[in-house]
Amino acid sequence: MINITHLRAFHAVATEGSFSKAARALNVGQPTLSSQVKALETGYGVRLFDRRGRGVQLTDLGRSLAEVTNRLTSLQEEAEALLAGTENLAHGSLTIGADSPSDAMDLLAGLRHRYPGLALKITMGNMESVLADLRDYRVDAALLSNVPIDNQLHALPFRRAPLVLVARRDHPLTKRRRVNLMDLSGQPLVLRERRSVTRDLFERAAMRVGLTLNDVLEVESREAVRAAVVAGLGLGVVIASEHEPHRELVTVPLGSDTIEVTEYAVCLRGRRRLSNIRAFLELAAQMADASARQS
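Quantities reported herein were computed from a predicted structural model and do not represent experimental measurements.

When helices and strands are tallied, the protein chain shows nine helices and 11 strands. Considering only C-alpha atoms, the protein chain reaches an extent of 70 × 45 × 35 Å along its principal axes. Burial analysis of the protein chain (295 residues in total) assigns 42% to the buried set. Residue pairs in contact within the protein chain that sit at least 24 positions apart in sequence constitute 73% of those at least 6 positions apart. Carbon and sulfur atoms make up 50% of the accessible area of the protein chain, which totals about 15900 Å². Across the protein chain, 38 positive and 34 negative side-chain charges occur, with their mean positions spaced 2 Å apart.

A separate point is a nonpolar patch on the surface. Judged by side-chain polarity, M1, I2, I4 and Y44 come together as a nonpolar surface patch covering roughly 530 Å² of accessible area. Relative to the helices and strands, I2 resides in the segment before α1 (4-16).

With respect to the secondary-structure elements, A224 resides in helix α8 (residues 222-230). For the pair A224 and T174, spaced 50 residues apart in the sequence, the C-alpha separation amounts to 20 Å.

When the terminal C-alpha atoms of α1 are compared, their 18 Å separation across 13 residues agrees well with the 18 Å that a helix rising 1.5 Å per residue should span. Of the positions making up α1, those classed as buried are H6, L7, A9, F10, H11, A12 and V13. If you check the start of α1, you find a side-chain oxygen 2.9 Å away from the backbone N of T5, and it comes from N3. Immediately downstream of α1, the backbone of G17 shows phi near 85°, a positive value.

Here we come to helix α6 (residues 127-135). For an α-helix, the turn length of 3.6 residues means that residues three or four places apart are oriented alike. Taken together, the buried positions of α6 are occupied by M127, V130, L131, D133 and L134. Each buried residue of α6 sits inside an arc of 155° when the element is viewed along its axis, so together they form one side. Packed against the buried residues of α6 are β3 (93-98), β4 (119-124), β5 (141-145), β6 (153-168), α7 (197-209) and β11 (260-268). A distance of 3.2 Å separates the backbone nitrogen of E128 from a side-chain oxygen at the start of α6, and that oxygen is part of N126. Two residues or fewer past α6, Y137 is found with a positive phi of approximately 65°.

For the protein chain, per-residue confidence averages 87 on the pLDDT scale, and residues scoring 70 or more make up 95% of the total. Helix α4 (residues 60-84) is the least confidently modelled element of the protein chain, averaging 80 in pLDDT, while β5 averages 93, the highest of any element.

We now examine the pattern of salt bridges. If charged atoms from side chains of opposite charge come close, those side chains can pair. Counted according to the given criterion, the structure contains 19 salt bridges. A salt bridge links R51 to E41; the nearest nitrogen and oxygen atoms lie 3.2 Å apart. Within this pair, whereas R51 is found in strand β1 (residues 49-52), its partner E41 is found in helix α3 (residues 30-44), the two being separated by 10 residues in sequence. Given a relative accessible area of 43%, R51 falls into the partly exposed group. Among the ionic pairs, E218 bridges to R199, the shortest N-O distance being 3.2 Å. Pair noted here: E218 is in strand β8 (residues 216-219) and R199 is in helix α7, with a separation of 19 residues, a long-range link. Since its relative accessible area comes to 42%, E218 is described here as partly exposed. What emerges from the salt-bridge pattern is a single network uniting R71, D133, D136 and R138.

On to the packing of aromatic side chains, then. Enumeration according to the criterion identifies two aromatic pairs in this entry. Both rings, one in F10 and one in F49, keep their centres 5.3 Å apart while their planes meet at 40°; by these two values the pair is tilted. Within this pair, whereas F10 is found in helix α1, its partner F49 is found in strand β1, the two being separated by 39 residues in sequence. On the basis of relative accessibility, which here comes to 0%, the residue F10 falls in the buried class. Owing to a relative accessible area of 1%, F49 belongs among the buried residues under this scheme.

Scoring rules and cut-offs
- Residues numbered from 1 in each chain as written.
- Predicted model: local features only at pLDDT ≥ 70, side-chain atom pairs only at ≥ 80, totals over all residues.
- Heavy atoms only, no water.
- Helix = DSSP H or I, 4+ residues; strand = E, 2+ residues; numbered from the N terminus.
- Buried < 20%, exposed > 50% of the residue type's maximum accessible area, 1.4 Å probe, protein only.
- Contact = heavy atoms within 4.5 Å.
- Areas by Shrake-Rupley, 256 points an atom, 1.4 Å probe, with all protein chains shown as cover.
- Lys, Arg positive; Asp, Glu negative; His and termini not counted.
- Charge placed at Lys NZ, Arg CZ, Asp CG, Glu CD.
- Patch = residues over 30% accessible without salt bridge, like charges linked within 9 Å, V, L, I, M, F, W, Y side chains within 5 Å.
- Salt bridge = Lys/Arg side-chain N within 4 Å of Asp/Glu carboxyl O.
- Expected span 1.5 Å × (residues − 1).
- Polar contact = N/O pair within 3.5 Å; in protein donor to acceptor, adjacent residues only side chain to side chain.
- Arc of directions from axis to C-beta.
- pLDDT = per-residue confidence, 0-100.
- Phe/Tyr/Trp six-rings, centres within 6.5 Å; stacked < 30°, edge-to-face > 60°.

Rendered as structure tokens:
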């Protein structure tokens, strides 16, 4: 049977990036910590770290094991929270993953106002990377667009927003009240990377109406879309709620039928009862209700 103390020692080194920092984090001597990690490696005949000067680097096996210990550590914290009945959020932490900063910041501000003692952290990425972080317990909850159906996930609709066309003010299409997709035929376009929700929704809508996308500049952030359009490299497609006003740009509704993105507050189904995650979901639901009443 695996020695939990040895596994904890490995996890600390993997997390801290060095034996000295891990020893301080666990409040043990560095020789003791080194011997625990060595015992784990020797016992299974494996190498988990490459030692390089004062630092260490995980081997391929070490990286795989670190994913497991991340989940084990999170499950231990979850068990402690459930047993302690942690209802008081004066302490504790919450890490949120998001694929867009705009709505996420509103939610963070609400959490900070309600629970000033709760340590908050946010990480950004596309939907695939944030979902991977959620499943591997690197984040506690997430705000994501168009979440796939998955029995492991608990997803609460948060907000809806349409795709819009963004163009320079001098472009003829800015005179339209609405731009149909076929009006974009032959136009140079600036689109997000293929893994993005915006790109996926737009391409599926274009396919439905028979629009061929021949002249596409691919960029990897919404900021890059805006900069490229300002520079005259093409017309951009963005989520309306993510667009920041710019004196040289105009947004125009896109499509004969509105192409909408639904954003969800998401967590692992088995973790939704934890107090910090429950607080996140409850506030998201209240903000969703308030937004629906205003629309």
